[in-house]
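# Residue-level structural notes
Listed here are the chains, written in short residue letters.
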Amino acid sequence: MNPTSARKTLPRLDESLLSHLPPFSRLDRRQVREILDLASVRRLDEGVAVFEEGAPAERFYMLLDGYIRVMRITPTGEQVIALHIPAGQLFGIAKAIGRDTYPATSVTASEALVLSWPMRVWDDFVARYEGFATETYKTVGQRLGEMNTRIVEMATQQVEQRVANALLRLINQTGRKVEGGIEIDFPITRQDLSEMTGTTLHTVSRLLSGWEKDGIVASRRKRITVTDPHRLVLVSQGHAPR
DNA sequence: CCATTAATGTGCA
DNA sequence: TGCACATTAATGG
C-alpha cells in the first residue's frame, strides 16, 4: 500500500482549511471554494520529495500540515539544507520569483498534508484574489532575508555560533512548547543540522553533547529540545556556554 | 528474539 | 576537523 503518492480528489475540502491562512484570508467563502475546487491534496510520508531542483515548475503548493525541508545538492554531491517551511505557507512558488523551474528540492521533514495547483492558474490567483500577491511576496521576502542572514553567518561566525543560530531559528519557526523547554517539532538528525550549518555531523554531535551537559539542550534520537534558550542566545553571540 | 541498518558517540591523527 | 570504529536505538523478519 502506498498512500503517499496518490493524488486524490477528495470528498470536498472544507473552506476552513484555507480561509485563515494569510494568502487567502481576505477572500470570501465563495472565492475560497473556487480555489479549493482547483486543488489536489496529497498525504505524504516523511522523507518524500515533493519536487526536485531544476524540474519544470508545473505546480505550486500549500503546506497544510507538517514540515518541508528545502535543499540543494552541490556539484560534488553534498546536500545543503536551505531552510524549513512550517504548515500554513506556500512553497514551490517558482512563478513568484520569475522562474519556470524549481530552484531547489523540497522534501517532507515529517508526515505532511499538501495542497497543490497547476502553475497555469498562478496569474489568475494574483489577478483575482485580494491579498494573494502581497502575502506571497511577503513570504518570498522573508525567506530571502533568512538566507541572507545565513550567508552572513557562514562568512563571519564560528561553527559553534552557527549551530546555535540554526537551533534558535528552528525553535522560533518550528518549535513546540514542551515541559522543560521548546522542542523542534519534526525529526532532525545531527547530519541535518550539519547540512544546515556547513559542518560535519561529528562536530554537531560534540556540540550538542556539550550543551546537553551544560543543560542548554536535551536530545533523544532525532529529537532536540532547547531547555535554556537564553544561554543558547549567549552562545550564538560568541560567549562560552558557561 | 536476531539480524540489519540508521543514528549517535568517541578516540586519534 | 576528518575519519575509522564502537555503541546504541529502531526496524523488519
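Calculation notes
Residues numbered from 1 in each chain as written. Chains lettered and ligands numbered in written order. Predicted model: local features only at pLDDT ≥ 70, side-chain atom pairs only at ≥ 80, totals over all residues. Heavy atoms only, no water. UniProt positions renumbered as here; feature names shortened; annotations may be inferred. Helix = DSSP H or I, 4+ residues; strand = E, 2+ residues; numbered from the N terminus. Near = heavy atom within 4 Å. Polar contact = N/O pair within 3.5 Å; in protein donor to acceptor, adjacent residues only side chain to side chain. Nonpolar A, V, L, I, M, F, W, Y, C, P; charged D, E, K, R; others polar.

### Examining the UniProt feature "domain: HTH crp-type" (unreviewed entry) in chain A
The feature "domain: HTH crp-type" (unreviewed entry), as annotated in UniProt, sits at residues 157-230 in this numbering. For the annotated span residues 157-230, helix accounts for 54% and strand for 22% of the residues, and the straight-line distance between the end C-alpha atoms is 19 Å.

### Focus: the UniProt feature "domain: Cyclic nucleotide-binding" (unreviewed entry) in chain A
What UniProt calls "domain: Cyclic nucleotide-binding" (unreviewed entry) maps, in this numbering, to residues 23-109. Split by type, residues 23-109 is 10% helix and 41% strand. Its first and last C-alpha atoms lie 23 Å apart.

### Considering the environment of Arg99
Tracing the sequence through the fold places Arg99 in the loop between β6 (90-91) and β7 (105-108). Sequence-wise, Arg99 and Ala57 are 42 residues apart; in three dimensions their C-alpha atoms are separated by 7.9 Å.

### Examining the protein's contact with DNA strand B
What surrounds DNA strand B is the set Thr189, Arg190, Leu201, His202, Ser205, Arg206, Arg221 and Lys222. Near-protein atoms of DNA strand B (within 4 Å) split between backbone and bases, with sugar and phosphate holding 57%. Between DNA strand B and Arg190 there is a distance of 2.9 Å, counted from a phosphate oxygen to a side-chain nitrogen or oxygen. Within the side chain of Arg221, one N or O atom sits 3.1 Å away from a base nitrogen of DNA strand B. Top contributing element to the surface near DNA strand B by residue count: helix α7 (residues 201-214), with four residues. The residue makeup of the surface near DNA strand B, split by class, is one nonpolar, three polar and four charged.

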